[in-house]
Amino acid sequence: MIDFLAAAIRIATPLIFAALGGILSERAGVFAVGLEGMMLLGAWAAVIGTWGTGSEMAGIAAAAAGGAIAALAIAIVTVRYRADNMVTGLTVNILALGLTTYLMRILSGSNGPVSVHLDPLPMMPVPGLSQIPVVGTLLFSHPPLTYLAVIGCVLLAFVLTRTQAGLLLCATGENPEAVFAAGADPMRIRMLAVIACGGVAGLGGAVISLQQVGTFTDGMTGGRGYLALASLIVGRWNPWGAAAACLVFGAAEAFELRLQSYGIPVSSYIVQMAPYLIALGVLALLGRTGKLPAAIGKPL
Amino acid sequence: MNEMQPNTIGTPVRFPFRLRTDGILARILWAIGLSIVCAAGLIALADKNPLVAFSAMLAGAFGSAHQIGVALNKASPYLFAGSGLAICFRAGVINMGSDGQIAFGGIGAMATIMAWPGEPGLAAVIVALLAAAFCGGLWAGLATAIHLGRGVNEVLVTLLLNFVALLFVQLVLSGVLGQTGAGFLQSPLVPRTAWLWRVPLFDFHIGIAVAALGAGLLSFILWKTPFGFAVRVAGRSRLATAYAGFSLAGITWGVMLSAGALAGLAGGTEVLGLHHRLIEGFSSGFGFKAVTVALFGALEPAAVIPAAIFIGLLETGALSMQRQIGVPSALVVVIEAMTMLFILIATVRRS
Amino acid sequence: MAALLEMRAIAKYYGPVRANDGIDLDVRAGEIVGLLGENGSGKSTLMKVLFGIVPPDSGGIVFRGRELSGHRPREAMGAGIAMIHQHFMLIDAMTVLENVMLGWAEAGKVLRRGLIAQRVHEVSRRLGLDLDPHARVADLPLGRRQRIEILKAVLRNAELLILDEPTSNLAPGEVHDLLTILSRLRSEGRGIVFITHKLPEVLDVCDSVVVLRAGKASPKASVVGVSKSQLAEMMVGRDVAAPHILKKIDNQPLRLEARALTGAGLGPLDLELRGGEILGIAGVDGNGQFELAETLSGLRPAVSGSLRLDGRDIVRMSSARRTRVGLAYMPADRSATALVKSMSIAENLMLRDSRRRPYCRNGLLDQGATVEKANSLMAQFDIRARSADTKAGSLSGGNQQKIVIARELDRAPAVLVAHQPTWGLDPGATRFVLERIVALRDGGAAIVYISSELEEILAISDRIAVLSAGRFAGLVKREAVEKAQLGLWMSGRTA
């Protein structure tokens, strides 16, 4: 059971990163439909960066940069040119899919993708703390990026509620005119928020490719960006709420992986559907009660 | 100037999807041109000559009657789904669920054929296509019910349902509709008697003709009927829609069910006309293509016909380019997405 | 006293429109200057120029001895100018404290909540603002929200406060409190520009007055010894139709009847309206006018009660059916509700009738008949445009409202609900709209005329009801009106 929960946390890690990024974007008033593309480009950049330089740190930095580049495209098209958030986000998702697929192939020089195999990031038990029974296994025996995700939650929660930057960010999603009247530039804030979203979501991509798998495969994010989007809505645009929702999805996936060993006679496809069905169910249950940032999706 | 109005009520969460209509054709051509320039850069990155690559693409697309037929077969599902999306977007309903609706259409058609008593003939084909439309509409209807009934954003609902539909196809293929011992997740072959008729020489199935008919019909509805007028008003102002006495829920149901049924037909014709069986993941990515052709067609259902054929030719050409000179065909996805971004930039309304 | 602000020969043109045509404005420290003018006289533009929202085409600004040019709102604020917009620039979902800290360097990069809350308390006490720093803006009445804006300005050491139509959303009691606060600010030596089109307020609170008219300004004059009529002459009051001859309406049939009509934020209301009668609904904005208009027209559901039109219960009918049985509605929001700006005049004229003849025949739209009908309505209602294909959004406000009135009156309605139908119109268009409404009344229809412009209500109504907090505070015949009584009814809502 403890192992199962610890696995759920690890599986939820990329979702948490993406959801944290999405909170930045949506709080500033831009729908984060492009999370999937940001993650995918991040995942790709992480692998290629690590492969090219031999340094995992460089790979992780490349992942953030890759996600930020995908986000930059969204920021320009939606914020500067006021295009529809949803369609733009979806388009960038496809662009990332096409681009990474294409680049993997031209790197190999043949029709197949280049084959890169890296050792997944190792477990990094926290000395001392990981020895504590139960809690040690659950919380302090994870690979590095999982800790980073938790730090990200703490940091974002702090920024949103305790800093001027967070105040301006949330205000931009609620009433950009008031932000302008207060002497700040809401367009700049939105651009930066979306780009930052890309950076963080890109790290989520790195978790998948560097920490979980050790290579890049076409479209390897497999819809996690959309799940992250659902979790940040279910989590009411709050880092801890979103992280909790991500953990539920993580648990569903962890359950699916263990299904066979448990010998439960349920089709694995139905279990794989579970995260999506849970997301839909919770969203439907919350219905209209959730208060979106008042100015979300509205061009400046 | 300062055109504030007293008592404008709370702004609706969704705001209508709008396109600039002045000089739209020129804008779209510009966007395509720009993205091809970007594509040339990517080809050069692969150490290939862009001009050689593009001519290989052209030759691939128009090289033979058969190639054109392949392109039309590719265009068929895009046209079905894209023309439906055009009227959804016109109404400001952003349906991203074509993938799932196509998948259910495929299930509907295959299930009908497999359940058909005796040798399936023309009647079976017609019933199968009706079932496909019905199943596609059903899946769209489920999304609409969640969206309208519970106030969940339609983009999110349709996207999440896509994943469910995809897995549902795998589920039925691993069970009732599956071919035992195939090694892949696929259904048994559709009997030859129930294959869609193919046009000789070009060898494309008649799905594209049905789709073009559907697009024409939607265009007629959009411009010549009061419902079409309501759709156009709904896409421009939610407040005016209510004031005009149109039911936003009714409009949403109308466009979603139409788009769902058409997407279902896309799935049905893929199964009966192209693959001749239901295959795992056969609808993946079609939703985005449908969005692409809908926008390329400037949300005018009739104009989606050339847009879909264009994308079909582009993709056929890209496959041939990959074979001939080794530029990965994924390039075509990049071209489509880049063009979309440019179109989004060039055609938004600026106040 | 020292000159705080000098604006010299400010000019700003929007195409052919001379919004500001060489305007001078001086404000001294400890002075309240009234800036008086009708809608469109150039007040807002002048203030946008001062605040750096739009650049002037020519002219210069000197503030506290320093030249201000090419500045953005941030610089204007830094220099000590604060603007309090008519529509408050507040984040409703946040608290008073958070709104105060927003964008304010002194709040710190990591917010010093405790410290700032302390200062909010101090200033609030000193000026009598009565604000709780931890209250959510959305929960506060409009009068309090305005005080947050004042609080923000004072905390940021603003020497000059610009208040744009500060009383338009306030009940009379709240107006009194505001004026008290303003005189406290004056005694602290701050300069205030008080933008309004209401004469009595200028006389009550201002030291001097500048009147704007068609982009030009009068010389600054002291309010001492100036009378209301002199000011009105300078401004040229709104050119409304002279009070029409009241009609005897006793024998007319009952056309609209509400019994205990109740909706969210509205009622219960009782209402009886006879043919040939205009019922004016007065009141401060935000007291249920919008809810009343929408509930009558069927755009929002009534919770309980009945509503009869010509004796027929319509309370459960959709707005489309109400339109069919003879209820016409002109909403206040022309730009997004009453019209679809990106559609043609012809399409806007058929907006609410697209399923009926002549627009629709055998279930299909009849293009030819639509254009024909549009041309005839355009001639009949004097809608000036190149053709019926012209986009409604490209027309002037007056011509836009003529489309709405043409569409609604062409149905020969039994009852018309008109909400702020003359808002933002020039005098000619205003008169046109009022004349058409009076003509409709004279033809035997009943009219509910909702407006926050009391003068207009007095000019056009046969009876007057005052809406306060969603209920009728009083109902009186036009000939029996006492303005003081109306004022009391309007102030029924507590601040």
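Owing to the predicted nature of the structure, the values given are computational and were not obtained by experimental measurement.

Caption draft 1: Fine view of the overall build of chain C. Along chain C, the regular secondary structure elements total 17 helices and 23 strands. Considered along the principal axes of its C-alpha atoms, chain C spans approximately 70 × 50 × 50 Å. For chain C, with 495 residues in total, the buried portion stands at 50%. Here the contacts in chain C between residues at least 6 apart in sequence split such that 68% fall between residues at least 24 apart.

Caption draft 2: Summary view of the interface of chain C and chain A. Contact residues are listed per partner, giving 17 residues for chain C and 17 residues for chain A. For the side of chain C that touches chain A, the secondary-structure elements that each account for two or more residues are helix H2 (73-79) and helix H3 (96-101) of chain C. Residue contributions to the side of chain C that touches chain A peak at three residues, all from H2 of chain C. Counted by class, the side of chain C that touches chain A contains 11 nonpolar, three polar and three charged residues.

Caption draft 3: Here's a closer look at the sheet that holds strand S22 (residues 463-468) of chain C. All names here are of chain C. The six strands lie next to each other as S17-S20-S21-S14-S22-S23, forming an open sheet whose pairing is mixed. If you trace the sheet from one side to the other, it starts and ends with strand S17 (327-330) and strand S23 (471-477), each paired once. Strand-to-strand, the axes of this sheet are offset by a mean angle of 15 degrees, without reference to chain direction. Pairing of strand S14 (residues 277-282) with strand S21 (residues 446-450) involves five bridges; the strand directions are parallel.

Caption draft 4: Expanded view of the sheet that holds strand S5 (residues 66-68) of chain C. All names here are of chain C. Pairing is antiparallel in the open sheet, where four strands are placed in the order S2-S1-S4-S5. At either end of the open sheet lies a strand with only one pairing partner, and these are strand S2 (17-28) and S5. Put simply, the sheet's adjacent strands are angled 20 degrees from each other on average, direction ignored. Direction of pairing for strand S1 (residues 3-14) relative to S2: antiparallel, over a ladder of nine bridges. Looking at the pairing, Lys12 lines up with Asn20 of S2.

Caption draft 5: Just the pairing of S17 of chain C, in detail. Residue and element names in this part refer to chain C. Burial along S17 is two-sided: Leu327 and Tyr329 and Ala328 and Met330, pointing in opposite directions, are all buried. Bridge count between S17 and strand S20 (residues 415-419): four bridges; the pairing is parallel. Across the sheet, Met330 pairs through a bridge with Ala418, a residue of S20.

Caption draft 6: Local environment of helix H15 (residues 427-442) of chain C. Here H15 of chain C is 16 residues long and its end C-alpha atoms lie 22 Å apart, about the 22 Å a rise of 1.5 Å per residue gives. Positive backbone phi, approximately 105 degrees, marks Gly444 of chain C, located one or two places after H15 of chain C.

Caption draft 7: The interface of chain A and chain B, seen in detail. Listed as interface residues are 42 residues of chain A and, on the opposing side, 40 residues of chain B. Of all the elements in the fold, those that place two or more residues in the side of chain A that touches chain B are helix H3 (56-80), helix H4 (85-108), helix H10 (224-234) and helix H12 (268-286) of chain A. Among the elements that line the side of chain A that touches chain B, the one with the most residues is H4 of chain A, at 14 residues. Its residues placed into classes, the side of chain A that touches chain B shows 27 nonpolar, 10 polar and five charged.

Caption draft 8: Representation of the domain arrangement of chain C. Residues and elements named next belong to chain C. As far as domains go, chain C holds domain 1 (3-235), domain 2 (238-326 + 413-495) and domain 3 (338-412). With 12 residues of domain 2 in contact, the opposing surface of domain 3 contributes nine residues. Tallying contributions element by element places H15 first for the side of domain 2 that touches domain 3, with five residues. Looking at side-chain class alone, the side of domain 2 that touches domain 3 contains seven nonpolar, three polar and two charged residues.

Caption draft 9: Spotlight on unusual backbone geometry. All names here are of chain C. Arg357 connects to Pro358 through a cis peptide bond whose omega is 5 degrees. With respect to the helices, strands and loops of the structure, Pro358 is situated in the loop between helix H12 (345-349) and strand S18 (360-361). Of note in this structure, Gln420 is not a glycine but carries a positive phi near 45 degrees. Mapped onto the elements of the fold, Gln420 is located in the loop between S20 and H15. On the basis of neighbour count, Gln420 is assigned to the buried category, with 25 C-beta atoms found within 10 Å.

Caption draft 10: A look at the nonpolar core. Among the nonpolar cores identified, the biggest contains 392 residues, and Leu79, Leu160 and Val334 of chain B are the most heavily contacted of them. Residues contacting Leu79 of chain B, with those up to four places away along its chain left out, are Ile208, Ala211, Ala212, Ala215, Val293, Val304, Ile305 and Ala308 of chain B.

Caption draft 11: Structural detail: helix H8 (residues 226-236) of chain B. Most of H8 of chain B sits out of view: nine of its 11 residues are buried. The complete set of buried residues in H8 of chain B reads Phe227, Gly228, Phe229, Ala230, Val231, Arg232, Val233, Ala234 and Gly235 of chain B. Against helix H3 (65-90), helix H7 (207-224), helix H9 (238-244) and helix H10 (248-275) of chain B together with strand S19 (364-365) of chain C lie the buried residues of H8 of chain B.

Caption draft 12: How the structure looks around the confidence of the model for chain C. Residues and elements named next belong to chain C. Looking at chain C, the pLDDT average stands at 85 and 93% of residues meet or exceed 70. Within the model, the stretch residues 237-241 combines pLDDT values under 50 with 16 contacts to residues more than four positions away or in other chains. At the level of chain-chain contacts, confidence expressed as ipTM amounts to 0.89, with global pTM at 0.87.

Caption draft 13: Spatial organisation of the environment of Met7 of chain C. Residues and elements named next belong to chain C. Among the secondary structure elements, Met7 is positioned in strand S1. Placed 20 residues apart in sequence, Met7 and Val27 show a C-alpha to C-alpha distance of 8.9 Å. Met7 has contacts with Ile23, Asp24, Leu25, Leu50, Gly59 and Ile61, leaving out every residue within four places of it along the chain.

Cut-offs and rules
- Per chain, residue numbering runs from 1 following the sequence as it is written.
- Chain labels run from A onward and ligand labels from 1 onward, assigned in the order the entries are written.
- For a predicted model such as this one, the threshold for reporting local features is a pLDDT of at least 70, and the threshold for listing and counting side-chain atom pairs is 80 or more; totals across whole chains, interfaces and linings nevertheless cover every residue.
- By the criteria applied, helices consist of DSSP H or I runs no shorter than four residues and strands consist of E runs no shorter than two, each listed in order from the N terminus.
- Residues are called buried when their C-beta atom has 20 or more other C-beta atoms within 10 Å, exposed when it has 12 or fewer, and partly exposed otherwise; all C-beta atoms are positioned from the backbone.
- By the convention adopted here, residues make contact when the C-beta atoms placed from their backbones lie within 7 Å.
- Just so you know the grouping, Ala, Val, Leu, Ile, Met, Phe, Trp, Tyr, Cys and Pro go in nonpolar, Asp, Glu, Lys and Arg go in charged, and all remaining residues, Gly too, go in polar.
- Whether two strands pair comes down to DSSP finding at least two bridges between them.
- Simply put, an axis is a line fit to the C-alpha atoms, just over the touching stretch for a helix, and the angle between two N-to-C directions goes from 0 to 180 degrees.
- The span one expects for a helix is its residue count, reduced by one, times 1.5 Å.
- An automatic or database domain assignment supplies the start and end points of every domain.
- Nonpolar cores are built from buried Ala, Val, Leu, Ile, Met, Phe, Trp, Tyr and Cys residues. These are joined into a set through C-beta atoms within 7 Å.
- Values of pLDDT, which run from 0 to 100, indicate the predictor's confidence residue by residue.

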